[in-house]
Amino acid sequence: MTARKPARGDLPRMKALYCTHWGGYKALEYTDVEAPALRDGCVRIAVHYATITLGQVLVVAGKYQRRPPLPFVPGTEVSGIVSEVAPDVAGFRVGDRVAAMLDWGGFGEEAIATAETVWQVPDAIDLSAACSIPGTYGTAYASLHWRAAIAPGHRVLVFGAAGGVGIPAVEVAAQAGAHVIAVARTPERLALARAHGAHEGILNDTPDIGRAIKARSGGRGVDIAFDPVGGAMFDAALRCVAPEGKIVVIGFASGSVPQIPANLLLVKNIDVIGFNFGLYLGWTPGDERRRFAERLRVLMAALCEGIVAGDFRPVTSATWPLASYIDAFDALVARQTVGRVVLRIRG
Ligand SMILES: NC(=O)c1ccc[n+]([C@@H]2O[C@H](COP(=O)([O-])OP(=O)(O)OC[C@H]3O[C@@H](n4cnc5c(N)ncnc54)[C@H](OP(=O)(O)O)[C@@H]3O)[C@@H](O)[C@H]2O)c1
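The paragraphs below set out a description of the structure included in this document. Going along each chain's sequence as written, the residues are numbered from 1 onward. It should be noted that, the model being predicted, local features are given only for residues of pLDDT at least 70 and side-chain atom pairs only at 80 or more, the latter also being counted only at that level, while totals for whole chains, interfaces and linings use all residues.

1. Brief notes about helix α6 (residues 209-216)
This is how the line gets drawn: The exposure label follows from counting other C-beta atoms within 10 Å of a residue's C-beta, where the C-beta atoms are placed from the backbone and the thresholds are 20 or more for buried and 12 or fewer for exposed, leaving partly exposed in between. Labels follow the DSSP assignment, with helices taken as runs of H or I lasting at least four residues and strands as runs of E lasting at least two, numbered in each case from the N terminus. By arc we mean the arc of the directions from the helix axis to the C-beta atoms, nothing more. Residues are treated as contacting if the C-beta atoms built from their backbones sit within 7 Å of each other.
Among all positions in α6, only Ile209, Gly210 and Ile213 are buried. End-on, the buried residues of α6 take up no more than an arc of 105 degrees, which puts them together on one face. The inward-facing, buried residues of α6 contact β8 (155-158), β9 (179-184), β10 (200-203), β11 (222-227) and α7 (232-240). Following α6 by one or two positions, Gly218 adopts a phi angle in the positive range, close to 65 degrees.

2. A short note on the site of the ligand
Formally: Only the C-beta atom matters for this test: placed from the backbone, it must lie within 6 Å of a molecule or strand for the residue to be near it. Note on residue categories: nonpolar means Ala, Val, Leu, Ile, Met, Phe, Trp, Tyr, Cys or Pro, charged means Asp, Glu, Lys or Arg, and polar means any other residue, Gly included. Residue ranges labeled as domains rest on an automatic or database domain assignment.
Near the ligand you find 28 residues, and of these Gly160, Gly163, Gly164, Gly251 and Phe277 are the closest. Here the shell around the ligand is composed, by residue class, of 12 nonpolar, 13 polar and three charged. When residues of the shell around the ligand are assigned to domains, at least three fall in each of domain 1 (13-132 + 301-344) and domain 2 (141-275).

3. A closer look at the nonpolar core
Test applied: Put simply, a nonpolar core is a cluster of buried Ala, Val, Leu, Ile, Met, Phe, Trp, Tyr and Cys residues tied together by C-beta atoms within 7 Å.
In this structure, Leu157, Val158, Ala182 and Phe226 are the most contacted members of the largest nonpolar core, which totals 114 residues. Here this core gets eight residues from one element, more than from any other, and that element is strand β3 (residues 42-52). The residue makeup of this core includes at least three contributed by each of domain 1 (13-132 + 301-344) and domain 2 (141-275). Residues contacting Val158, with those up to four places away along its chain left out, are Gly166, Ala169, Val170, Ala173, Val180, Ala182, Val183 and Phe226.

4. Points about the sheet that holds β11
Hydrogen bonds along the backbone pair up the strands of a sheet, which may run parallel or antiparallel. As a reminder, the rule being used: Only strands joined by at least two bridges in the DSSP assignment are considered to pair. Angles here are taken between N-to-C directions and fall from 0 to 180 degrees, while the axes themselves are lines fitted to C-alpha atoms, restricted in helices to the stretch in contact.
In spatial order, the strands read β10-β9-β8-β11-β12-β13; together these six strands make up an open sheet with parallel pairing. Looking at which strands have only one partner, the edges of the open sheet turn out to be β10 and β13 (271-274). When strand polarity is set aside, the average angle formed by the axes of neighbouring strands in this sheet is 20 degrees. Direction of pairing for β11 relative to strand β12 (residues 241-249): parallel, over a ladder of five bridges. Paired with Ala225 across the bridge in β12 is Ile247. Relative to β9, helix α5 (residues 187-195) is tilted by about 155 degrees, and along the sheet it contacts β9 and β10. In this fold α7 packs onto β8, β9, β11 and β12, with an angle of close to 170 degrees to the strand it touches most, β11.

5. Description of the packing of helix α3 (residues 133-147) against helix α10 (residues 289-309)
Rules: An angle below 35 degrees is treated as roughly parallel, one above 145 as roughly antiparallel, one from 65 to 115 as roughly perpendicular, and anything else as oblique.
Relative orientation of the contacting elements α3 and α10 amounts to 100 degrees, with a least axis distance of 10 Å. Comparing their axes, α10 and α3 come out roughly perpendicular. Between α3 and α10, the residues in contact are Ile133, Pro134, Tyr137, Gly138, Tyr141 and Ala142 and Leu299, Met300, Leu303 and Cys304, respectively. Of the residues belonging to the contact of α3 with α10, the class tally is nine nonpolar, one polar and no charged.

Here you go:
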């Protein structure tokens, strides 16, 4: 799948961001590269939109758990139009509107995706919103339903509630009939989380925030804490999770990976649940994307249905043209964005 840079070759060329070394997003090149060649089991997508995430910040710095082979075009979550279908692939036609998860290659005008991780997008969903369905909404939905077994009446705490996976987590929890408590940095960010279904909000710099959340929850605490932040927020979750409650470890936006005191898990009868959406996408060493393809197909259909019904309303902070990628990355790492940061790749 690696797009080759040399001018020779017979594949058409395309605009792309190119990662030649692990220098971070400022070291990416915005350049012309050869379009990737179609492979068996894959479709070619004319990429319209791709999301920029904290995961991508880590990938291009060589700090992510999975390192693509250098040089490569980064970007994993896209939407666009199918432009070519390998002969052994059924279920897709040229012209289909799709969202896809890629191993890499999303920040280029053309991308190749394995058929297991490409999904049809209904006409009612704009492609700019569709690009955040699979990874962003997929993470929120799969972690809360598959791993944490969310149920009506649960009290669910969402850290980073105005962020990329935070807003979908608020919406998914509210749609599941949970009572949602949002945590974010400013009143405006909490207001956004409330507008997406949170019932309460609490600022992340509230003194002794864990104890404060527990006190608000009748002294019992929350049933599920959704944690994409880590650091002090994870410590707060340990303090406020109810007996037999669960903490879902999503990520470490704070940059701090928590250490877990096992004695607290024992004393409080609580579970800490790891969640890596990459498992279902084939990103783990065993590449299990085939095993999970049907489960993901059902998930994606439910997410699209939820968006069409208005239960889920993807938030795009801003859409930057591909050439302005540095501004987009800068805004994300400076915590100036809410929801997803989207790059317009073509169109
Ligand atoms: N496990 C998985 O499968 C999976 C899937 C997707 C994402 N993730 C991970 O989840 C984490 C969040 O991803 P995201 O896409 O939601 O990111 P995001 O859009 O940047 O949101 C992260 C939120 O965390 C809060 N935050 C607290 N401390 C922060 C800090 N020091 N720097 C930046 N943000 C901070 C911010 O909210 P406030 O400013 O309001 O505090 C921000 O809105 C990342 O670590 C990502 O890699 C994991």
